[in-house]
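# A closer look at the structure
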Amino acid sequence: DWETAATFDLPADEKPKEEAPLPEASSQTTEDDDEEWGVRRRDAAPPQTTAATSSSEASSSSETSVLLVNMTALSAGKIHNKHDKNAVNDVDAKADLTRSIEREFGRYRDDAALAASGVVRRVGPTAWRAELASLRDSHPGQYFAPVFAPKV
């Protein structure tokens, strides 16, 4: 046997020692593990809500948390995506306009004239990606971008 021959000539203190087997890994996790990592187990019940929290969540979810804004219209054509529907020609101007809309989010959200003209569209937090893709396909050259409600 080649392994025996190879280790046979080694001095006793240099011979490889048999390694102790590793303990079996447990697939069981404890609640302490979950809490430590901030994880809620799939088989765990969802957290309970009180009447106060559920009514406040309902009022906040009824408000629009995402606006899809036609930045081309608001910038008088200075911001556009004529060459690539997912790109913007002036990143800095887009960032400045986004920040100004975020500062006055409520005004843009509630402006009936902007909504009627299609410059600002109110969208829910789960539907904005599909709506944004649709707008960019249907309005070539017009740069629509999401603007999110500022975190309070």
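What comes next concerns the included structure. All of these numbers come straight from a predicted model, not from anything done at the bench. (Residues numbered from 1 in each chain as written. Predicted model: local features only at pLDDT ≥ 70, side-chain atom pairs only at ≥ 80, totals over all residues. Heavy atoms only, no water.)

Secondary structure assignment for the protein chain yields 8 helices and 3 strands. Listing the helices and strands of the protein chain from first to last along the sequence gives α-α-α-β-α-α-α-α-β-α-β. Looking at the protein chain residue by residue over its 152 residues, the buried ones come to 23%. Considering only intrachain contacts with a sequence separation of at least 6, the fraction spanning at least 24 residues in the protein chain is 67%. As presented, the protein chain carries roughly 11,600 Å² of accessible surface, and 53% of it is formed by carbon and sulfur atoms. (Helix = DSSP H or I, 4+ residues; strand = E, 2+ residues; numbered from the N terminus. Buried < 20%, exposed > 50% of the residue type's maximum accessible area, 1.4 Å probe, protein only. Contact = heavy atoms within 4.5 Å. Areas by Shrake-Rupley, 256 points an atom, 1.4 Å probe, with all protein chains shown as cover.)

This model, assessed by the stated rule, comprises 4 salt bridges. Arg99 is the salt-bridge partner of Asp96, the closest N and O atoms lying 2.6 Å from each other. In this pair, Asp96 and Arg99 are both assigned in helix 5 (residues 91-103), 3 residues apart and thus about one turn of the helix distant. Classification of Asp96 by relative accessible area gives partly exposed; the value is 45%. (Salt bridge = Lys/Arg side-chain N within 4 Å of Asp/Glu carboxyl O.)

Glancing now at the side chain of Asn81. Considering the arrangement of structural elements, one finds Asn81 in the loop between helix 4 (71-74) and helix 5. Under the relative-accessibility criterion, Asn81 is labelled buried at 5%. Among the polar contacts listed, one links the side chain of Asn81 to the backbone oxygen of Lys85, at a separation of 2.7 Å. (Polar contact = N/O pair within 3.5 Å; in protein donor to acceptor, adjacent residues only side chain to side chain.)

Right, let's get into the sheet that holds strand 2 (residues 120-123). In spatial order, the strands read 2-1-3; together these 3 strands make up an open sheet with antiparallel pairing. At either margin of the open sheet sits one strand with a lone partner, and together these are strand 2 and strand 3 (144-148). If you compare each strand with its neighbour and ignore which way they point, the axes differ by 25° on average. In terms of strand pairing, strand 1 (residues 66-70) meets strand 3 through 5 bridges, oriented antiparallel. (Pairing = 2+ DSSP bridges. Axes fitted to C-alpha atoms, helices over the stretch in contact; angles between N-to-C directions.)

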